[in-house]
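Reading the structure
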Amino acid sequence: MKVLKFGGTSVGSVESLNNVKKIVESISGEAVIVVSALGGLTDKLIATAKMAAEGDSEWLKEMDAISLRHHDIIKNVVSNEKQSLIKSAVDEHLTELKRNYEGVFLLRSLPEKVLDVIVSFGERMSSIIVAAMVDHGKRYYSPDFIKTEKWYGKNIADRKLTDKLIKETLGKLGKNEKAIIPGFISTDSTTGEITNLGRGGSDYTGALIAAALGAEILEIWTDVDGFMTADPRIVKDALIIDHLTFTESMELCTFGAKVIYPPTIYPVFHSNIPIKILNTFNPDAPGTLITDQAQQDDLEVKGVTSLKDVALITINIKSFNDIKDPLKRALNTLSRQAVRIIPVANPDPYTELNFAVTASDAEVSLEMLEKEFAPEISSGKIEKPILKGNLAAVALVGIDMRSRSRLAARIGHSLRRQGINVEAYSAGNSDTTLIYIINQEKSDEALPLIHSLVFEL
Ligand code: ADP
Ligand code: ASP
Ligand code: MG
């Protein structure tokens, strides 16, 4: 059985929804179909919530536009017999959504839990519409079986419980049934409160279901012909990649390739379920296949990506003879707070330590390091850690990257010639990725430069 996931643009218009219908109805037998909210809707839901919280009564106009957009879609894609049923089901959600906005407006406050409820309406409504459109479509409510738990303040999937509930709910579909699932949304396994899997999380919903059911493939249907050698919005001549390994795709995604939400890869990787990236607007294009093993005609270098909002922390060590294993101490400290560390080289860890982290982890990292080295800082053996923000991690992903020292040097040289300073560099934790930490403002310039060096020789 296949699991298909359709992203926002794929369910964002009458034309694209008709493509979705065709693609789903061409599948023989049962399938699970995960859908995102109508394209751009999640952003709109959040922006409207912020308006209401700030006391801007224009939120009402936005609410009307949200209702109108759904009504318009229903009118154009749902058959006449189902129109009134589907309209009233969606209207119930719209009414509840409006009530949430009213509460936010009155209280001038937007608690995270309320925002989680507000954003959940996108997928709740789109899934009702898609289920009504496709033959043999039946909607299931994913918050009943996609469960999250708290981990350092974040909601992460409760894999064990989710796995069990998915098997119970979707394990035995009716003949030819197409189970339509709202992506992204979930509930807390302890409190039952509505949560979500993070922005872009519908991909992850698809992966959790594919892994639990042992699907033959997870198809991610989006608006480009496949995974590309760079973000096509930044690098105009980016190429489609025919094949990637799980590891390569994971590296590309964690370093900013938006095409798949990073946590998606783990569950399917562990169950060895291939992923295919396909285009809803060009279903005949071969797309990109992602599997565990490299294939013979694979590109050696797969792509270049950039992750913005990165910070670099530097610690200068004055008296290195007196301090035992400072790098290990620093890494242990950061890992205790579940800080995501972007690997950068520490060529001389007894005189200088460098850590790249995401901007959201920067303050807590700095605090933790200051606390860890407080005795050495006060005695002057170590200088206070310095934080440099506004950086980006540019990553080059491929096979045997560590052995490509000439390419790495050429890239470093070209960046410098272009006036782009490399603040830190590393060959990553694996043999798959080279990382350059540069000024964030320069990353849209660095990407085409590196791409042309690697792919257009
Ligand atoms: P969806 O709504 O289908 O989930 P997303 O917007 O999340 O779609 O992801 C698809 C988009 O990712 C593409 O339209 C493209 O602009 C962007 N993108 C960024 N990097 C890449 C890449 N390396 N390959 C393909 N697309 C990329
Ligand atoms: N609608 C959600 C978002 O925009 C989830 C998704 O599209 O995957 O983040
Ligand atoms: Mg996406």
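Heads up: these notes are all about the structure in this document.

Turning to the sheet that holds strand 7 (residues 185–188), a few remarks are in order. If you walk across this open sheet you meet the 4 strands as 5-4-7-8, and the pairing is mixed. For this open sheet the edge positions go to strand 5 (154–157) and strand 8 (194–196), each flanked by a neighbour on one side alone. Each strand axis lies, on average, 55° off the axis of its neighbour in the sheet, ignoring direction. As paired strands, strand 4 (residues 147–151) and strand 7 are joined by 2 bridges and run parallel to one another. Within strand 7, the position partnered with Lys 147 by the bridge is Thr 187.

The antiparallel open sheet is built from 6 strands, whose spatial order is 14-15-13-16-18-17. At either margin of the open sheet sits one strand with a lone partner, and together these are strand 14 (341–342) and strand 17 (424–426). Of the pairings in the sheet, the one linking strand 14 to strand 15 (residues 352–358) comprises 2 bridges and is antiparallel in character. Bridged to Ile 342 within strand 15 is Ala 356. Sheet strands in contact with helix 10 (residues 326–336) are strand 14 and strand 15, and its direction is about 20° off that of strand 15. Lying over the sheet, helix 14 (residues 443–455) contacts strand 13 (301–316), strand 16 (386–398) and strand 18 (433–439), oriented at roughly 130° with respect to strand 13.

What follows concerns the site of ligand 2. Residues in contact with ligand 2, as listed here, are Ser 36, Thr 42, Glu 123, Phe 184, Arg 199, Gly 200, Gly 201 and Ser 202. Arg 199 places a side-chain nitrogen or oxygen 2.7 Å from an oxygen atom of ligand 2. The separation between an oxygen atom of ligand 2 and a polar main-chain atom of Ser 202 is 3.0 Å. Against a free-state accessible area of 260 Å², the protein chains account for coverage of 86% of ligand 2. Of the residues belonging to the shell around ligand 2, the class tally is 1 nonpolar, 5 polar and 2 charged.

A separate point is the site of ligand 1. For ligand 1, the set of nearby residues contains 17 residues, the closest of which are Lys 5, Thr 222, Asp 223, Met 228 and Lys 258. In the model, an oxygen atom of ligand 1 is placed 2.7 Å from a nitrogen or oxygen of the Thr 222 side chain. A distance of 3.1 Å separates an oxygen atom of ligand 1 from a polar side-chain atom of Arg 233. Out of a free accessible area of 570 Å², ligand 1 has 89% covered by protein chains. Of the residues assigned to the shell around ligand 1, the class counts are 7 nonpolar, 5 polar and 5 charged.

Time to look at the nonpolar core. Counting 50 residues, the largest nonpolar core has Leu 4, Phe 6, Ile 33, Val 90, Leu 97 and Tyr 101 as the members making the most contacts within it. Per element, the largest residue contribution to this core is 11 residues, and it comes from helix 5 (residues 112–133). Setting aside chain neighbours within four positions, we find Leu 97 in contact with Leu 45, Met 63, Ile 66, Ile 118 and Phe 121. Of all hydrophobic cores here, the second largest spans 40 residues; its members include Val 3, Ile 166, Ile 209 and Ile 241.

If you want to describe how two helices pack, look at the angle between their axes and the distance between the axes. Their axes nearest at 9 Å, the elements helix 10 and helix 11 (residues 359–372) cross at an angle of 135°. Taken together, the axes of helix 10 and helix 11 are oblique relative to one another. Note that helix 10 runs across helix 11; the crossing there is right-handed. Residue-level contacts link Arg 329, Ala 330, Thr 333, Leu 334 and Arg 336 of helix 10 to Ser 365, Met 368, Leu 369 and Glu 372 of helix 11.

Next up on the list: the pattern of salt bridges. Evaluation of the coordinates by the stated rule reveals 20 salt bridges. Lys 44 is the salt-bridge partner of Glu 62, the closest N and O atoms lying 3.0 Å from each other. With a gap of 18 residues between them, Glu 62 in helix 3 (residues 59–77) and Lys 44 in helix 2 (residues 41–53) connect regions that are remote in the sequence. Judged by relative accessible area, Lys 44 falls into the partly exposed class, the value being 35%.

This part covers the side chain of Thr 358. Mapped onto the secondary structure, Thr 358 falls in strand 15. Given a relative accessible area of 13%, Thr 358 falls into the buried group. Here Thr 358 is in contact with Asp 309, Val 310, Arg 340 and Ile 342, once residues within four sequence places are set aside.

A positive phi angle, near 50°, is found at Arg 108, a position not held by glycine. Looking at the secondary structure, you find Arg 108 in the loop between helix 4 (83–107) and helix 5. For Asp 325, which is not glycine, the phi torsion reads 45° and is therefore positive. Locating Asp 325 in the fold gives a position in the loop between strand 13 and helix 10. Under the relative-accessibility criterion, Asp 325 is labelled partly exposed at 34%.

Of the pockets and cavities examined, the second largest pocket occupies roughly 170 Å³. Lining of the second largest pocket is provided by Leu 327, Leu 331, Ile 341, Ile 342, Pro 343, Val 344, Ala 345, Asn 346, Asn 354, Phe 355, Ala 356 and Asn 429. Where the lining of the second largest pocket is concerned, the elements lending two or more residues are helix 10, strand 14 and strand 15. Examining the composition of the lining of the second largest pocket, we find that 3 residues originate from one element, strand 15, more than from any other. Class assignment for the residues of the lining of the second largest pocket results in 9 nonpolar, 3 polar and no charged.

About the criteria used
- Residues numbered from 1 in each chain as written.
- Chains lettered and ligands numbered in written order.
- Predicted model: local features only at pLDDT ≥ 70, side-chain atom pairs only at ≥ 80, totals over all residues.
- Heavy atoms only, no water.
- Pairing = 2+ DSSP bridges.
- Helix = DSSP H or I, 4+ residues; strand = E, 2+ residues; numbered from the N terminus.
- Axes fitted to C-alpha atoms, helices over the stretch in contact; angles between N-to-C directions.
- Contact = heavy atoms within 4.5 Å.
- Near = heavy atom within 4 Å.
- Polar contact = N/O pair within 3.5 Å; in protein donor to acceptor, adjacent residues only side chain to side chain.
- Areas by Shrake-Rupley, 256 points an atom, 1.4 Å probe, with all protein chains shown as cover.
- Nonpolar A, V, L, I, M, F, W, Y, C, P; charged D, E, K, R; others polar.
- Core = buried A, V, L, I, M, F, W, Y, C linked by side-chain atoms within 4.5 Å.
- Buried < 20%, exposed > 50% of the residue type's maximum accessible area, 1.4 Å probe, protein only.
- Parallel < 35°, antiparallel > 145°, perpendicular 65-115°, else oblique.
- Left-handed = near helix turned anticlockwise from the far one by under 90°.
- Salt bridge = Lys/Arg side-chain N within 4 Å of Asp/Glu carboxyl O.
- 1 Å grid on protein atoms, 1.4 Å probe; cavity = no way out; pocket = protein on both sides within 12 Å on 5 of 7 lines; lining within 4 Å.
- Points joined across faces, edges and corners; volume = space filled by probe spheres on them.

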